[in-house]
Amino acid sequence: MSDTALRHPPSETASMIERHWHELASRRRGQTFLALFLVVVFTAGSVWFANETNAGKFWDRLPYLADFVGDLVPRDAWEPARALLDLPSPYYDGSQKYDYPEGRFYVTQTLYVPEYVQKIVETVNIAIFSTGVGFCLGFALCFFAARNMMPNAYVRGAVRRFMEILRAFPEVVIAGFCLAILSLGPVPAIIALSVHTTGALGKMFFEVVENADMRPDEGLRAVGATWLERVWFGMVPQVMPNFVSYFLLRLEINVRASTIIGAVGGGGIGELLRLSIGQGHPAKTLAIVFLLFCTIIAVDQFSAWLRRKLVGEQSFRAVA
């Protein structure tokens, strides 16, 4: 084989292809080095800006970055559990730092729900309700924004621009406007999350619709089905599994987002987390962080279980 290759040199076409490949590889290496250089430059500029913004104290304070973690160490290992369950602390000294039973929510004279459990339930309720509202509105709008279902370019463009406006601002910014009008509480958080979720899910939904199989739609159109019948019987059955997957993904995102909104006055566990960090209450902070961690895991596992039930176990089996 090697003797044959020596006797028959590569053709002009093969040589040209090889030269072109080397040119592309060289160009790719150059672009990679340029991108790395720009990343280094922008990182250095960001650090310089942070140092100047902090009056030159950025580098001075950097060695103390781990002090915050050290401040979160409780007096004993059971303190976070006492804070989580609103149990009395042996270190109670009359201050809020160790006054865990104060926030109990009494159902009866003796039965109570721990404060943080009540607040995390409120946070999850905000996320579920907001995601449900966003899902319904995004579902209603996505078919008007899809190119294959809405031939009218003016209607399609207007709906797409409307959804872009809804998701243009982060949830916390929308919540800030709502808080200024409606005061503190969960209602501004629900409005902010619902608005942003509508725009985000609407975009993902109409992209799924545009990639759907159009043969059922063609068959329904051939027998004289109306536009609504084509959507409901030809499009919804094949796109609904993806819609539900995006709904569950957005639910996980909204649980975290509602915590952030709560930190600025939107109700839920976020406000308590901000207060515990700002007031230097390590046991309370660890209890809230642990509860949030468990909640996110529970939501994620529930989403995976529900997705399996809707799509079918066979879709998750490994191919032998």
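Here the structure is a predicted model, which means the values were calculated and not measured.

(A) Representation of the nonpolar core in the model. Counting 21 residues, the largest nonpolar core has Phe-143, Val-209, Met-235 and Phe-243 as its most contacted members. Where this core is concerned, the elements lending two or more residues are helix H6 (115–145), helix H7 (153–166), helix H9 (186–210) and helix H11 (227–266). Among residues more than four places away in sequence, those in contact with Met-235 are Phe-143, Asn-148, Met-149, Val-209, Ala-212, Met-214 and Arg-230. Core analysis: the second largest hydrophobic core is formed by 14 residues, Leu-272, Leu-273, Ala-287 and Leu-292 among them.

(B) How the structure looks around the packing of aromatic side chains. On inspection of all chains with the given rule, the structure shows eleven aromatic pairs. Geometrically, the ring pair formed by Phe-135 and Phe-247 is edge-to-face, given 5.4 Å between the ring centres and 75° between the ring planes. Within this pair, whereas Phe-135 is found in helix H6, its partner Phe-247 is found in helix H11, the two being separated by 112 residues in sequence. Measuring from ring centre to ring centre gives 6.4 Å for Phe-143 and Phe-243, while their planes differ by 50°; the resulting arrangement is tilted. Of this pair, Phe-143 sits in helix H6 while Phe-243 sits in helix H11, and the two are 100 residues apart along the sequence. Residue Phe-143 shares its accessibility class with Phe-243, and that shared class is buried.

(C) Up close: the UniProt feature "domain: ABC transmembrane type-1" (unreviewed entry) in the protein chain. Those places that UniProt annotates as "domain: ABC transmembrane type-1" (unreviewed entry) correspond, in this numbering, to residues 120–303. The span residues 120–303 shows a helical share of 85% and a strand share of 0%, and its end C-alpha atoms are spaced 18 Å apart.

(D) How the structure looks around the packing of H7 against H9. Between H7 and H9, the least distance of the axes is 7 Å, while the angle of their chain directions is 140°. One finds that H7 runs oblique with respect to H9. As H7 runs across H9, the sense of the crossing is left-handed. Every residue of H9 that contacts H7 at Arg-160, Met-163 and Leu-166 is listed here: Val-195, His-196, Thr-198, Gly-199, Gly-202, Lys-203, Phe-206 and Glu-210. Grouping the amino acids of the contact of H7 with H9 by side-chain chemistry returns four nonpolar, four polar and three charged.

(E) Region of the structure containing unusual backbone geometry. For Asp-86, which is not glycine, the phi torsion reads 60° and is therefore positive. Within the element layout of this structure, Asp-86 appears in the loop between helix H5 (79–85) and strand S1 (105–106).

(F) Representation of the UniProt feature "transmembrane region" (unreviewed entry) in the protein chain in the model. Following the UniProt record, one finds the feature "transmembrane region" (unreviewed entry) at residues 32–50, 126–147, 168–195 and 285–306. Taken end to end, residues 168–195 is 79% helix and 0% strand, and its first and last C-alpha atoms sit 10 Å apart.

(G) Geometry of helix H2 (residues 12–53). Between its first and last C-alpha, H2 extends 61 Å over 42 residues, near the 62 Å set by a 1.5 Å rise per residue. Turning to H2, its buried residues number three or more, namely Ser-15, Ala-25, Ala-50 and Asn-51.

(H) Just the pattern of salt bridges, in detail. Enumeration over the complete set of coordinates arrives at ten salt bridges. Across the salt bridge formed by Arg-82 and Glu-79, the nearest N and O atoms sit 2.4 Å from each other. Residue Arg-82 and its partner Glu-79 are located together in helix H5, separated by three residues, close to a single helical turn. Taking relative accessible area as the criterion, Glu-79 reaches 1% and is therefore assigned buried. In this structure, Asp-217 engages Arg-230 in a salt bridge whose closest nitrogen and oxygen atoms are separated by 2.8 Å. Of this pair, Asp-217 sits in helix H10 (residues 215–222) while Arg-230 sits in helix H11; the two residues are 13 residues apart in sequence, bridging distant segments of the chain. Using a relative accessible area of 1% as the deciding quantity, one classes Asp-217 as buried. Linked through salt bridges whose partners overlap, the residues forming this network are Asp-76, Glu-79 and Arg-82.

(I) Quick peek at the environment of Ala-298. Inspection of the secondary structure assignment puts Ala-298 in helix H13 (residues 282–311). Overall, the relative accessible area of 45% leaves Ala-298 in the partly exposed class. Spatially, the C-alpha atom of Ala-298 lies 9.9 Å from that of Glu-252, the residues being 46 residues apart in sequence.

(J) Just a nonpolar patch on the surface, in detail. A cluster of nonpolar side chains, contributed by Phe-169, Val-172, Val-173, Phe-177, Ile-260 and Val-264, occupies part of the molecular surface with about 540 Å² of accessible area. Residue assignment for the nonpolar patch shows that the elements contributing at least two residues are helix H8 (171–182) and H11. Element by element, the count of residues in the nonpolar patch is highest for H8, at three residues. Among the structural elements, Phe-169 can be located in the loop between H7 and H8.

(K) Structural context of the side chain of Thr-285. Inspection of the secondary structure assignment puts Thr-285 in helix H13. A residue is classified by how much of its surface remains accessible, and Thr-285, at 3% relative accessible area, is buried.

Rules of the game
Residues numbered from 1 in each chain as written. Predicted model: local features only at pLDDT ≥ 70, side-chain atom pairs only at ≥ 80, totals over all residues. Heavy atoms only, no water. Core = buried A, V, L, I, M, F, W, Y, C linked by side-chain atoms within 4.5 Å. Buried < 20%, exposed > 50% of the residue type's maximum accessible area, 1.4 Å probe, protein only. Helix = DSSP H or I, 4+ residues; strand = E, 2+ residues; numbered from the N terminus. Contact = heavy atoms within 4.5 Å. Phe/Tyr/Trp six-rings, centres within 6.5 Å; stacked < 30°, edge-to-face > 60°. UniProt positions renumbered as here; feature names shortened; annotations may be inferred. Axes fitted to C-alpha atoms, helices over the stretch in contact; angles between N-to-C directions. Parallel < 35°, antiparallel > 145°, perpendicular 65-115°, else oblique. Left-handed = near helix turned anticlockwise from the far one by under 90°. Nonpolar A, V, L, I, M, F, W, Y, C, P; charged D, E, K, R; others polar. Expected span 1.5 Å × (residues − 1). Salt bridge = Lys/Arg side-chain N within 4 Å of Asp/Glu carboxyl O. Patch = residues over 30% accessible without salt bridge, like charges linked within 9 Å, V, L, I, M, F, W, Y side chains within 5 Å. Areas by Shrake-Rupley, 256 points an atom, 1.4 Å probe, with all protein chains shown as cover.

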